[in-house]
Every structure is written in C-alpha cells, then in structure tokens.
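# Remarks on the overall topology
Given next are the chains, with one letter for each unit.
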Amino acid sequence: MSSFLSVIEEVDSFKKTDAFYTFLDHEGRTALGYIDPNVVELLQSEPTFVTNHETKTIAIDSQFDTLKKRNEMFAEVANRWRVLPELDEILNKGWRNELYVVYNPSKTPYAYMERAFSVLFGVVTYGVHINGYVPPELSSNGKLKLYIPRRSKNKSTFPGMLDNTVAGGIGYPHGLETTIIKECFEEAGLEEDFVRKNIKNTGVLTYIYLTDDGRAEPEVEYICDIIIKEDEAHLISPQDGEAEDFKLMDIDEVLKHVENRAFKPNCGLVIVDFLIRHGYITAESEPDYLEIVSRCHVKLPFPTR
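Now for a look at the structure at hand. Bear in mind the structure is a predicted one, so any value in this text is a computation, not a measurement.

Cis geometry marks the peptide bond from N104 to P105, where omega comes out at -5°. Between Y172 and P173 the backbone carries a cis peptide bond, its omega angle lying at 5°. In this structure, P173 sits in the loop between strand 9 (166-169) and helix 6 (176-188). Even without glycine at this site, K56 takes up a positive phi of about 55°. Structurally, the position occupied by K56 is in the loop between strand 3 (49-52) and strand 4 (57-60).

Enumeration according to the criterion identifies 26 salt bridges in this entry. Two residues, E72 and K68, come together in a salt bridge whose shortest N-O distance is 2.6 Å. Here E72 pairs with K68, and both are found in helix 3 (residues 67-81), just 4 residues apart, close to one helical turn. Assessed through its relative accessible area of 58%, K68 is described here as exposed. Each of E9, D12, E291 and R295 takes part in salt bridges that share partners, so that together they form one network.

Time to look at the packing of aromatic side chains. All chains considered together, the criterion is met by 14 aromatic pairs. Where F14 meets Y34, the ring centres are 5.3 Å apart and the plane angle is 25°; that geometry is what we call stacked. Of this pair, F14 sits in the loop between helix 1 (5-9) and strand 1 (21-24) while Y34 sits in strand 2 (residues 31-35), and the two are 20 residues apart along the sequence. Given a relative accessible area of 14%, Y34 falls into the buried group. Here F23 and F49 contribute two aromatic rings whose centre-to-centre distance is 6.4 Å and whose plane-to-plane angle is 50°, an arrangement assigned as tilted. Highlighted residues: F23 in strand 1 and F49 in strand 3, separated in sequence by 26 residues. Each member of the pair, F23 together with F49, is buried. Aromatic rings pair up to connect F23, F49, F74, W81, F117 and F121 into one cluster. The ring of Y110 carries R70 above its face, with NZ or CZ at 3.7 Å from the centroid.

Quick notes on the rules
- Residues numbered from 1 in each chain as written.
- Predicted model: local features only at pLDDT ≥ 70, side-chain atom pairs only at ≥ 80, totals over all residues.
- Heavy atoms only, no water.
- Helix = DSSP H or I, 4+ residues; strand = E, 2+ residues; numbered from the N terminus.
- Salt bridge = Lys/Arg side-chain N within 4 Å of Asp/Glu carboxyl O.
- Buried < 20%, exposed > 50% of the residue type's maximum accessible area, 1.4 Å probe, protein only.
- Phe/Tyr/Trp six-rings, centres within 6.5 Å; stacked < 30°, edge-to-face > 60°.
- Lys NZ or Arg CZ within 6 Å of the ring centre and 35° of its normal.

Shown next, in the form of structure tokens:
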C-alpha cells in the first residue's frame, strides 16, 4: 500500500511566514488567528483594529472590552465588507447567517462572528464529520462499506467532490450533540431516534489548512461513526440539497477515490483517520504512519473550545 501522507499534507498545509500577521485580542496579548496579506491591507483602514507592522500583529482596539461590543463591531464590519467586490466570493456568496464562536481564554466565548467572515481572520473553526458504514461482518460481500455522498454542483466550496456521510459546522448556539442530530437529518435524512441509538463519538482531528486563495484555516473536527446496515440504506436520502446522492462503496472503491483525490480534502483526511482506527491502515502497512497520526492531531496555537 502506498503512503497516505500526501492526503494529510494537502490538509495540514499551512506554514507560518512573515506575510501573515497574528490576530490579537483587545489586550494585545492573546493570539486568536493568522491573517493573510490581502486582509491585512483591508484592516489597515479600519479604526477598530490596531496594526503593528514591526511585530506583524493586528489587534482588536482596546475599547472593545466586552462580548457585546465585539459582537456588534464584527457584525458592522462584516456587513460593510460584504459589498466589496474583492470579497464577493467569500462574503457575499458565502454568507450563511450563521455565527461561529471565537474563544478566549479556552472554553470562554470571546466573540461571535458570521461564519463566512470568520475565515478572513484565520480563527479556529469547529465542525463534525460522521462516517456512516457497514462493518465487514454485516456486509453482503464481507468487505467494509461506507456511505459516500457527492457534494452538490451548486456548493460554493468543492462542488461535485465526494464527502463524508454527514459533515457540518458547529454554529452558535448549537453544541456538539445538537449539531450531530441537526446535520444528520438535514444532510442525510437520518431521524433523531436512529442517530441517538447508533452514533458513536470516536475522536477529534485538528490541523491548519492553507486555502487555494492563501488563507489560514485552523480547524477542529469532531469525528463520529454510525453503523447503518445495508437493509437500512433506505433511511439515508439528501434533504437540504448539500448532497446530490449517496452511494454505498466498499473499501476498495473508497481507497481508489482517496488516492485519486476525489474527496473534498479534509474529508479525505477523515477517511484516512477512519481506516487507521478500524485497522485498515497500520504502522506496518503505512511507512509514514507516525507522521500521519501526528499531523491529524496538531496542537493549535490559539484558545479553543
């Protein structure tokens, strides 16, 4: 078996350079994210932020010393930036009317930001990815199988690529459990009772992704597995237009698609993690096993949830 390290390198791909500025809190002490050069240029004209070219930092102005003040400030800037032509693809077309939480200190909400706007500040974002599968002992051909959706061609990001069975961001005010239940129904039509009886929390993945347009995206993805037997396949159906369809693929087809980069990049990483946990990728079969596992669990340099 060839190495899967390249799948991980495509996702854990950010390397800090002098071109990126560190985003600081209103006290100028705590790093909250990494801001790319294009956004740095925009922020220099914003009086609500303090830019220091010598230290390569951009801090929230000290007047924004409460959660309410910061939320109002971010909402105001986001709405103004939404009409900027250079941000049309990210902000206007990507606008979700969904808030992401920035933490500072860890576990303490520091600000709520529009999901599309948060990516411009390189702050940590959170999501859940769920692997729906048929274990070999329950499979009609004795092989592990996974329920794989194809992303809608109308999606603003990675249209037409393969995805994990269910995946979605954790937006305010939803917690992890609420998000799992909500996303399972919205994306795959899985009813709450079925999900609660069968879902299994299996871990968390962390990495910092460098987007094609040069932004840093530190991400935390909570991972779950759920067994869906072959005679229960009728329980899965696209609901919200996020997926075109679902296909039950055996392990050989899944591996081929991972190697051919048919999956959305971080979904490929989630599949590799799944295969490691289920013993299909081992320290003996994979020459870069240790590096792969390490780079799926990066210690993020920012406060977290």
